[in-house]
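What the coordinates show
If you want the building blocks of each chain, they are given just below.
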Amino acid sequence: MLKEIAALLCIALLCIVPALAGLNEPTVIITDTEVTPAVLMPGETGVITVTLENTAKASVTTTSTTQTTTSTEVNPTINSVYLDGGRDIDVLGGNSQYSGDLGPEQSIRLSFYIRAPETDGIYFPLLRVRVQGAESLLYPIPVNVNVPVSVVRQPMLLISQSGEDHVRPGDEVEVHLGVTNGGQSSADDIFIRIVETDPSLAPKTSGSYHVESLEGGESTDLILNMITDTDLEPGIRDVALDVSYYTVDGVLVSQTDTVSLDVRGRAALGIASIKTDPVRVMQGDQYDLIIRLENTGTGDATSTKASIDLPFAGNRESFIGKIKPDNDAPAVFTLDAEDARDYDYTLTVTYEDDWGEHIEEFPLTMPVRSNGDGGAVAFGILLIALVAGGGWYYFVYRKKEEQD
């Protein structure tokens, strides 16, 4: 009898159904929903998009018998995904579009085509996800039908500038900065800092400004003082501003704004040299008067012209064109000299730069000698030579003879 009982126990052990030794069950969750458009008009159609994700990194089951142990991957099986619009939302398409397994850390996006009801309101169609061997997921999705929803009230800083419209390289710049809170709550502990890496443009002071607080709609004015040097390139220069502040709920907000400077070079023309060809102008000669003009400014001098008011026949106007900074160019006049005397005249120079048109006048003198001046000079030189020779003879040669 005992042998028969033992035999039956052995047979029973061999016939045991494999037991579940361990199960890391996968989890299916809804990670994102989106309604397009965000606000539907009554009777308008739209799309609801949902994302399903399996959050498990590895899903396996382990079974054991008296002889073997086996591990097998187990993926969640989605039997159906169904959007229940109830009596208000019409689901026009998308139901029963997916069924199957979802692997570890995999996700899938599904879309449902809907029609909004004819009455304004917030509606909550219910998403039902049935997973084999697990509880079904139920997820309400809000749908806004023509209902205005106010956003969280936040501060909003707006930066404006006024002051000098143009800047000349080498000048100091004063920019009036307007800071306005265009939001509906206060902005606290406001810091504004100038960010500039060009050595030709720098803050005159520390470059940092602090405002304790600005309520919604409140404004304040700041003055930015900057210095430039003559190497600053002309053009529109954007100076970056780092702006930071705290909202009413203690969140730090950082933003970047700019201040624009219109840098315009200024030309400055002067006389570098004056010469004539021939060097000595005689009465009745035709000669060239060459006046070199130099630009000592920071901008180009364009459309440069020069004129003189000497009462001589010939060319009394000269077009030069462009003169760049630290360069010069000649104005050439070809003239016929008249009576011998010194002539006072004016050199008039007109030019343009980024600041407009300019006129410069220079008073000058033109000496003209008579043709007889050459003989008088020669006679003067001869007379000086004779006097020098006589002095040498008397004071040197005669004294030497007396000593002998």
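Residues numbered from 1 in each chain as written. Predicted model: local features only at pLDDT ≥ 70, side-chain atom pairs only at ≥ 80, totals over all residues. Heavy atoms only, no water.

The linkage connecting T36 with the following residue, P37, adopts the cis geometry, with an omega of -5 degrees. By the element assignment, P37 lies in the loop between strand 2 (28–36) and strand 3 (39–40). For the peptide bond that leads from D277 to P278, omega is 10 degrees, which places it in the cis range. Its location among the elements puts P278 in the loop between strand 24 (269–277) and strand 25 (286–295). Even without being a glycine, D326 presents a positive backbone phi close to 65 degrees. Here D326 lies in the loop between strand 28 (317–323) and strand 29 (327–336). (Helix = DSSP H or I, 4+ residues; strand = E, 2+ residues; numbered from the N terminus.)

Below, the discussion takes up the sheet that holds strand 28. One open sheet holds the 4 strands; their spatial order is 28-26-30-31, and the pairing between them is antiparallel. Each edge of the sheet is formed by a strand with only one pairing partner; in this case those strands are strand 28 and strand 31 (356–367). For this sheet, the mean inter-axis angle between neighbouring strands, taken without regard to orientation, is 20 degrees. The sheet contact formed by strand 26 (residues 301–308) and strand 28 spans 5 bridges and is antiparallel. For A301, the partnering residue across the bridge sits in strand 28 and is I323. (Pairing = 2+ DSSP bridges. Axes fitted to C-alpha atoms, helices over the stretch in contact; angles between N-to-C directions.)

Right, let's talk about the nonpolar core for a bit. Core analysis: the largest hydrophobic core is formed by 28 residues, its most contacted members being Y287, L289, L310, F333 and L347. Every element with two or more residues in this core is listed here: strand 25, strand 26, strand 28, strand 29, strand 30 (342–353) and strand 31. Sort the elements by how many residues they give to this core and strand 30 lands first, with 5 residues. When residues no more than four places from it in sequence are discounted, the contact partners of L310 are Y287, L289, R316, L335, Y343, Y345 and M366. (Core = buried A, V, L, I, M, F, W, Y, C linked by side-chain atoms within 4.5 Å. Buried < 20%, exposed > 50% of the residue type's maximum accessible area, 1.4 Å probe, protein only. Contact = heavy atoms within 4.5 Å.)

This part is about the sheet that holds strand 10 (residues 107–115). With respect to topology, 4 strands assemble into an open sheet ordered 2-4-10-8, the strand pairing being antiparallel. Edge strands, defined here as strands with exactly one partner in the open sheet, are strand 2 and strand 8 (90–93). Strand-to-strand twist across the sheet, computed as the mean angle between neighbouring axes with direction ignored, equals 35 degrees. Direction of pairing for strand 2 relative to strand 4 (residues 45–54): antiparallel, over a ladder of 8 bridges. Along strand 4, the bridge assignment pairs I29 with E53.

Here we come to the layout of surface pockets. Counted as a void, the second largest pocket has a volume near 160 Å³. T230, D231, L232, E233, P234, T296, G297, T298, P325 and D326 are the residues that line the second largest pocket. Taken together, the residues of the lining of the second largest pocket sort by class into 3 nonpolar, 4 polar and 3 charged. (1 Å grid on protein atoms, 1.4 Å probe; cavity = no way out; pocket = protein on both sides within 12 Å on 5 of 7 lines; lining within 4 Å. Points joined across faces, edges and corners; volume = space filled by probe spheres on them. Nonpolar A, V, L, I, M, F, W, Y, C, P; charged D, E, K, R; others polar.)

For the coordinates displayed, the defined rule picks out 2 aromatic pairs. Ring geometry for Y287 and F312: centres 6.5 Å apart, planes at 80 degrees, overall edge-to-face. In this pair, Y287 is assigned in strand 25 and F312 in the loop between strand 26 and strand 27 (313–314), connecting sequence segments 25 residues apart. Residue class for F312 comes out buried when judged on its relative accessible area of 3%. A network of ring pairs unites the aromatic residues Y287, F312 and Y343 as a single cluster. (Phe/Tyr/Trp six-rings, centres within 6.5 Å; stacked < 30°, edge-to-face > 60°.)

This part covers the confidence of the model for the protein chain. Taken over all residues, the pLDDT of the protein chain has a mean of 81, while the share at 70 or more is 80%. Considering only residues more than four positions removed or in separate chains, one finds that residues 1–24, a stretch of pLDDT under 50, has 18 contacts. (pLDDT = per-residue confidence, 0-100.)

With respect to the helices and strands, the residue G86 is situated in the loop between strand 7 (77–84) and strand 8. Accessibility expressed as a relative area gives 54% for G86, which makes it exposed. Residues G86 and F124, 38 residues apart in the sequence, show an inter-C-alpha distance of 8.7 Å.

This part covers the environment of G43. Relative to the elements of secondary structure, G43 occurs in the loop between strand 3 and strand 4. Look at G43 and you get partly exposed, because its relative accessible area is 24%. Through-space distance from the C-alpha of G43 to that of R115 is 6.1 Å; in sequence the pair is 72 residues apart. Ignoring sequence-local partners within four residues, the contact set of G43 consists of R115, A116, P117 and E118.

Bringing the side chain of T228 into the picture now. Along the polypeptide, T228 turns up in strand 21 (residues 219–228). Reaching out from T228, the side chain makes a polar contact with the backbone nitrogen of G170 at a distance of 2.8 Å. Engagement of the side chain of T228 in a polar contact is seen with the backbone oxygen of D171, the distance being 2.7 Å. Excluding residues that lie within four positions of it along the chain, T228 makes contacts with V167, R168, P169, G170, D171, V173, S200 and L201. (Polar contact = N/O pair within 3.5 Å; in protein donor to acceptor, adjacent residues only side chain to side chain.)

Another point: the pattern of salt bridges. A complete count under the given rule lists 9 salt bridges for this structure. A salt bridge links E172 to K204; the shortest N-O distance between them is 2.9 Å. Here the residue E172 occupies a position in strand 17 (residues 172–181), and K204 occupies one in the loop between strand 19 (201–203) and strand 20 (208–214), the gap between them amounting to 32 residues. The class for K204 is partly exposed, based on a relative accessible area of 46%. Between R369 and D342 there is a salt bridge whose closest N-O contact spans 3.4 Å. (Salt bridge = Lys/Arg side-chain N within 4 Å of Asp/Glu carboxyl O.)

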